[in-house]
Amino acid sequence: MTCDRLTGKSALITGGGSGVGRATALRFAEEGATTIAVFDRDAAAASQTVAAVESLGARGIPLVGDVTSRTTCQSAVDEVVSVHGRLDVLISNAGADGDAPFLEMTDEEWQRVMDVNLTASFVLGQVAARAMASDGQGGVILYTASISGMGASDGDAHYGVSKAGIINLVQSMAIELIAHRIRVNCVSPGPLDTPLSRALLGSDEAMEAARASYPLVPMGRLGKPDEIAAAYAYLASDDAGYTTGQNLVIDGGNHATVFVNPVGTF
């Protein structure tokens, strides 16, 4: 069941062409968002999400580019402001991962993940916050972190460190931006059934093996993108008006146990 908590709002969603980003774009349209910008490096995926949100009555804006470019991030925010009049919600969701044991990880692999996950989060957040602060109306900035940022995952040091950085960045931004009426929060998913998970695992057989391993998750299954989208809809709405600087963990109980997820979190 959905409601109309986001009526009249505009949103910019990175990684909006698939997975959590696509599910969030659809959820925002269902909850009444007027303008939804879908920022993705895959033009076809961005266009497909835009078509889906427009079928739900929202205005979609396809934005194709690289989140590691400050120029592109600035252009994305400027486009939403030009079309809608202002940016109400940023969801910085685009991410990168890769299986790289610590002793074999190259500088290039480390930097690739840091650039997409952490540096782009800073840049997008700063650009969006400047736009939100400029008219005095404030806004909401949300990030996709991970339970990997709260503990270790084997062969995933760069990913975990980048997500831990996002969690701290959220806290720092939240305190500094209160004066500008900007709330900042993040969501830390546990293991999800997404295209990124499938790309890392490499085959349908590996994905099924991952599902079978999830007795380690108390709920015994992978999470759904729709479940993360629902959290973002709440955090973007006035229902979360007293919530800032928080990391909302959605992981089927995974982080409440003493087990470490051997597959990683996506």
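See above for the structure.
Residues numbered from 1 in each chain as written. Predicted model: local features only at pLDDT ≥ 70, side-chain atom pairs only at ≥ 80, totals over all residues. Heavy atoms only, no water.

Student: Pulling in residues and values, what's your account of the sheet that holds strand S5 (residues 139–144)?
Tutor: Read from one edge to the other, the open sheet built from 7 strands follows the order S3-S2-S1-S4-S5-S6-S7, with strand pairing classed as parallel. Of all strands in the sheet, those with a lone pairing partner are strand S3 (59–64) and strand S7 (247–250), marking the two edges. On average, each strand axis in the sheet is tilted by 15° relative to the strand beside it, whichever way the strands run. When strand S1 (residues 10–14) meets strand S2 (residues 35–40), the two strands line up parallel, connected through 5 bridges. Paired with Ala 11 across the strands is Ile 36, a residue of S2. (Pairing = 2+ DSSP bridges. Helix = DSSP H or I, 4+ residues; strand = E, 2+ residues; numbered from the N terminus. Axes fitted to C-alpha atoms, helices over the stretch in contact; angles between N-to-C directions.)

Student: Could you give an account of helix H4 (residues 107–134), with specific residues and numbers?
Tutor: Here H4 contains 28 residues, and its C-alpha end-to-end distance of 38 Å stays within 8% of the 40 Å for a straight helix at 1.5 Å per residue. At Asp 115, H4 shows its largest kink, close to 45°. One or two residues past the end of H4 sits Gly 136, with phi positive at roughly 80°. (Expected span 1.5 Å × (residues − 1). Bend = angle between axes of the 7 residues up to and from the residue.)

Student: Give me the packing of helix H3 (residues 70–84) against H4: which residues, what numbers.
Tutor: Helix-helix packing is characterised by the crossing angle of the two axes and by the distance between the axes. Close contact between H3 and H4 brings their axes to 9 Å; oriented N to C, the two are set at 35°. In this structure, H3 crosses over H4, and the sense of that crossing is right-handed. Taken together, the residues of H4 that come into contact with H3 (itself represented by Arg 70, Cys 73, Gln 74, Val 77 and Val 81) are Phe 122, Val 123, Leu 124, Gln 126, Val 127, Ala 128, Arg 130 and Ala 131. Residue classes in the contact of H3 with H4 are distributed as 9 nonpolar, 2 polar and 2 charged. (Left-handed = near helix turned anticlockwise from the far one by under 90°. Contact = heavy atoms within 4.5 Å. Nonpolar A, V, L, I, M, F, W, Y, C, P; charged D, E, K, R; others polar.)

Student: So what about the pattern of salt bridges? Which residues, and what values?
Tutor: Taken as a whole and assessed by the stated rule, the structure comprises 7 salt bridges. A salt bridge links Glu 109 to Arg 112; the shortest N-O distance between them is 2.9 Å. Of this pair, Glu 109 and Arg 112 are both found in helix H4, 3 residues apart, which corresponds to roughly one turn of the helix. Using a relative accessible area of 34% as the deciding quantity, one classes Arg 112 as partly exposed. Each of Arg 5, Arg 27, Glu 31 and Asp 239 takes part in salt bridges that share partners, so that together they form one network. (Salt bridge = Lys/Arg side-chain N within 4 Å of Asp/Glu carboxyl O. Buried < 20%, exposed > 50% of the residue type's maximum accessible area, 1.4 Å probe, protein only.)

Student: Report on the nonpolar core, specifying residues and quantitative values.
Tutor: Counting 35 residues, the largest nonpolar core has Leu 12, Leu 87, Leu 90, Ile 141, Tyr 143 and Val 184 as the members making the most contacts within it. At the level of elements, S2, S3, H3, H4, S5, helix H5 (157–177) and strand S6 (182–189) are the ones that each hand at least two residues to this core. The element best represented in this core is H4, accounting for 9 residues. Counting residues in each nonpolar core, the second largest holds 27 residues, with Ala 46, Ile 228, Tyr 232 and Ala 233 among its members. (Core = buried A, V, L, I, M, F, W, Y, C linked by side-chain atoms within 4.5 Å.)

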